[in-house]
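So the chains spell out like this:
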Amino acid sequence: MTTQAGWQRDRDGLGVWEHRGKVAIAGYGYSPLDRRWDGVSMDRTLGAFQVIAMQKAIADAGMTPDEIDGLMVCPEPAGDTWAQADRGLNRPFFAAPYDTEDGLSYTSAKWLIDEMARQGTPLTNLKYIDDKAPYIGPEMGKAAQAVGDGLAKNVLMTYNMGNVEGRYHLEEGIYSAGGRQWSAPWGWMTSAMMQHAFVFLQYCTKYGGSRDDLAPFVVNQRRNGLLTPWSFYTQHEPYQIAAEDYLDARPVAWPVTILDSDRPVQHAAAFLFTSAERARDAKQKPVYVMSHAQINKPNRSTMATLQDHEDVTDLLVKILYDGAGVTANDLDVFNPYDGFSVFTQTYLEAFKWHGVGRGEAFDFYKGDIRVEGPHPFNSSGGNLGNGRTRTAMYTDCIEQLRGIAGARQVQVKAETAACGMVTPTGNGHIFLSTVPS
Amino acid sequence: MSKTIPQPDEVSKPFWDAVDQKKLTLQYCSACDRLQYPVRPTCYDCGKSDTLTWREVAGKGHVLETMVVHDTRVVRRKVDVPFNVALISLDEAPYINFLSNLPGTPAHQGPQGAAVELFFEELEGSGGRFIHEWRVVGQ
């Protein structure tokens, strides 16, 4: 199998991406969405959901499984590394293919290849398999780079988020070892939540405002999620929240509350990357990849600061925009990550979307950010509106550019889009377009 | 407060030994002229290990921000909620920051920007182990 090295676009000075407009997303697919796997339904396991997404992506492109010669799988168990360690390792397994954890709380490339064959869609011509891709943010860029570099012609990339029964991440015991020796004694939880609470407070101190100023954004995220037929909230809590609900939400790590946090779900998505040339003959309107960029900046000290976040997101956007040969004015649809509401403004301001500069996000949120309005911010609804899919922002970008986003379709021009995941100091982003130049 | 007890490793043992002697000593890179915390095997900036030594610091700082934990997965701390978690910047090297529960300051009353001073708190059930903590000056 071919391997891939040095694929990241993670530093200034790289200029225009060498494969700008020469790679496209020809198909995408996603599974149903459940709050959790119920432990019984074998057609709704994480693996089953992922196979559904992969089959849909291939069909969406109008390709056949034997045309797929590249497969990219994220190795994170269920998308969340804590799933196996904290939940259910002692549970009984089932008949094959569920006789191990593989397919239940994570999916390996081998499991997916075997299951695709069992389900009548065998991937018989794979020559490039990457089961060491990082989380979806960088994974999208890596898949695009793989096609551009000629490692495979048609790369099927898939990502899932799993959620099985039980509470996870409990940190028991009286000792804290490894990296936890520097944080757990003071009650620090292993989560991005507390880090971003600190940075958010610094933001409010520097620019003014408070958590209350996030209410219009969080309320609108829920609204956009409710415009998505398969979202968690459409299925299970089909009512709009009001600003008062947000302001009164139960605090977890104040200023972060339960409504600032995404709700874990079980879901999978897949994307089919191919050459621009091949995409033009595919079933759907191509969505061209114009650029990708990644950031991975370890904290200098115990916690990153607002300045760190602003510096690295400025760099991220410069790499991404330079790679696509665009400026902020060229970005139409924008789905920044919202895994916690308190850091999304860092991306908004770094991208300068609709002219929003540093310290201006709260005023922007007070305006008309609905999908019908002039500033349809985060039209996907993100994780906050759909549940923690981590892929809704990607599928929305594709749907907006194709003009098939339904009730979420923005009314402004939708010829370019950008989205990414995860937090400001560790993320990957991608820039998409309806035209290759 | 029922804080968890840090478990030193080979690299961090000198740091925690010093804390037990009520001294705050940080790694110092002679090549970069930079202090470093948390403890790492190599310098954050130059990546070298043979340039790292230990340097005691004065223990004066300021509160950058304070958040409040209301619900925690750190089981030993569940009995303490709600409690402050402050981010403290070190005056002599503001790029260094520490966590603190601001003992003596009620939850939600962490004063942003206030001066703090270092002290050492004996950990419950630890057999005489200490941890570095910070309190608002004048409290």
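Here, every reference points to the structure presented above.
These figures come from a predicted structure and were not determined experimentally. (Residues numbered from 1 in each chain as written. Chains lettered and ligands numbered in written order. Predicted model: local features only at pLDDT ≥ 70, side-chain atom pairs only at ≥ 80, totals over all residues. Heavy atoms only, no water.)

## Quick notes on the overall build of chain A
Within chain A one finds 14 helices and 12 strands. Counting over 437 residues, chain A shows a buried share of 63%. Counting contacts in chain A only where the partners sit at least 6 residues apart, residues at least 24 apart contribute 76% of the total. Summed over its atoms, the accessible surface of chain A is roughly 14,900 Å², and 52% of this surface lies on carbon and sulfur atoms. Between the averaged position of the 40 positive side-chain charges in chain A and that of its 51 negative side-chain charges there is a distance of 2 Å. (Helix = DSSP H or I, 4+ residues; strand = E, 2+ residues; numbered from the N terminus. Buried < 20%, exposed > 50% of the residue type's maximum accessible area, 1.4 Å probe, protein only. Contact = heavy atoms within 4.5 Å. Areas by Shrake-Rupley, 256 points an atom, 1.4 Å probe, with all protein chains shown as cover. Lys, Arg positive; Asp, Glu negative; His and termini not counted. Charge placed at Lys NZ, Arg CZ, Asp CG, Glu CD.)

## Brief notes about helix α3 (residues 109–118) of chain A
Residues and elements named next belong to chain A. Of the residues making up α3, those classed as buried are A109, W111, L112, E115 and M116. Viewed along the axis of α3, the buried residues span an arc of 155 degrees, placing them on a single side of the element. Where the residues of α3 are buried, they touch α1 (46–61), β2 (70–73), β3 (128–130) and β4 (155–161). Just downstream of α3 lies G120, where phi reads positive at about 85 degrees. (Arc of directions from axis to C-beta.)

## Section: empty space enclosed by the protein
Evaluated as defined, the whole model comprises 2 cavities of 30 Å³ or more. Lining the largest cavity, in full, are R300(A), C29(B), R34(B), L35(B), Q36(B), Y37(B), C43(B), Y44(B), D45(B), L52(B), Y95(B) and I96(B). Residue assignment for the lining of the largest cavity shows that the elements contributing at least two residues are β3 (34–36) and β7 (93–100) of chain B. For the lining of the largest cavity, a count of residues per class yields 8 nonpolar, 1 polar and 3 charged. (1 Å grid on protein atoms, 1.4 Å probe; cavity = no way out; pocket = protein on both sides within 12 Å on 5 of 7 lines; lining within 4 Å. Points joined across faces, edges and corners; volume = space filled by probe spheres on them. Nonpolar A, V, L, I, M, F, W, Y, C, P; charged D, E, K, R; others polar.)

## Here we look at the pattern of salt bridges
Residue and element names in this part refer to chain A. Inspection of every chain in the model, using the stated rule, returns 33 salt bridges over all chains. Two residues, R278 and E67, come together in a salt bridge whose shortest N-O distance is 2.8 Å. On the criterion of sequence distance, the pair formed by R278 in helix α9 (residues 276–279) and E67 in the loop between α1 and β2 is long-range, its members being 211 residues apart. When salt bridges that share partners are traced, they join R223, D368, R370 and E372 into one network. (Salt bridge = Lys/Arg side-chain N within 4 Å of Asp/Glu carboxyl O.)

## Some words on the interface of chain A and chain B
Residue-level contacts link 42 residues of chain A with 47 residues of chain B. Carbon and sulfur atoms make up 57% of the surface buried where chain A meets chain B, a total of about 4,100 Å² over both sides. Area buried by chain A at its contact with chain B is led by W182(A), W186(A) and R300(A), which between them contribute 25% of it. Along the contact surface separating chain A from chain B lie 2 salt bridges. Notably, a salt bridge pairs R250(A) with D71(B), separated by 3.2 Å at the nearest N-O pair. The interface formed by chain A and chain B includes 24 residue pairs in polar contact (both at pLDDT 80 or more). Among the elements of the structure, β5 (175–176), α5 (192–207) and β6 (251–254) of chain A are those that each provide at least two residues to the side of chain A that touches chain B. Element by element, the count of residues in the side of chain A that touches chain B is highest for α5(A), at 6 residues. Split into classes, the residues belonging to the side of chain A that touches chain B amount to 21 nonpolar, 14 polar and 7 charged. (Buried area = accessible area lost by both parts, 1.4 Å probe. Polar contact = N/O pair within 3.5 Å; in protein donor to acceptor, adjacent residues only side chain to side chain.)

## With respect to the sheet that holds β3(A)
All names here are of chain A. The strand order across the open sheet built from 9 strands is β3-β2-β4-β8-β1-β9-β12-β11-β10, with neighbouring strands paired in mixed fashion. Each edge of the open sheet is held by one strand with a lone partner, namely β3 and β10 (333–335). Going across the sheet, the axis of each strand differs from the next one's by a mean of 25 degrees, ignoring polarity. Bridging between β10 and strand β11 (residues 416–423) involves 3 bridges; their strand directions are parallel. (Pairing = 2+ DSSP bridges. Axes fitted to C-alpha atoms, helices over the stretch in contact; angles between N-to-C directions.)

## Focus on the layout of surface pockets
Gaps between atoms show up when a probe of the same size as a water molecule is rolled over them. Of the pockets and cavities examined, the second largest pocket occupies roughly 360 Å³. What lines the second largest pocket is a set of 22 residues, and nearest its centre among them are R300(A), T305(A), Q307(A), D308(A) and Y95(B). Considering every element that reaches the lining of the second largest pocket, the biggest residue donor is helix α10 (residues 306–324) of chain A, with 5 residues. Split into classes, the residues belonging to the lining of the second largest pocket amount to 9 nonpolar, 7 polar and 6 charged.

## Describing unusual backbone geometry
Residues and elements named next belong to chain A. Cis geometry is found at the peptide bond from A96 to P97, where omega equals 10 degrees. Tracing the chain through its elements places P97 in the loop between α2 (82–86) and α3. The residue after M421, namely V422, is reached through a cis peptide bond having omega 25 degrees.

## Looking at the pairing of β11(A)
Residues and elements named next belong to chain A. With 8 of its 8 residues buried, β11 lies for the most part within the structure. Bridging between β11 and strand β12 (residues 426–433) involves 8 bridges; their strand directions are antiparallel. Bridging across to β12, M421 finds its partner in G428. Between β11 and β12, which pair antiparallel in sequence order, lie 2 residues.

Coordinates in, geometry out; function isn't part of it.
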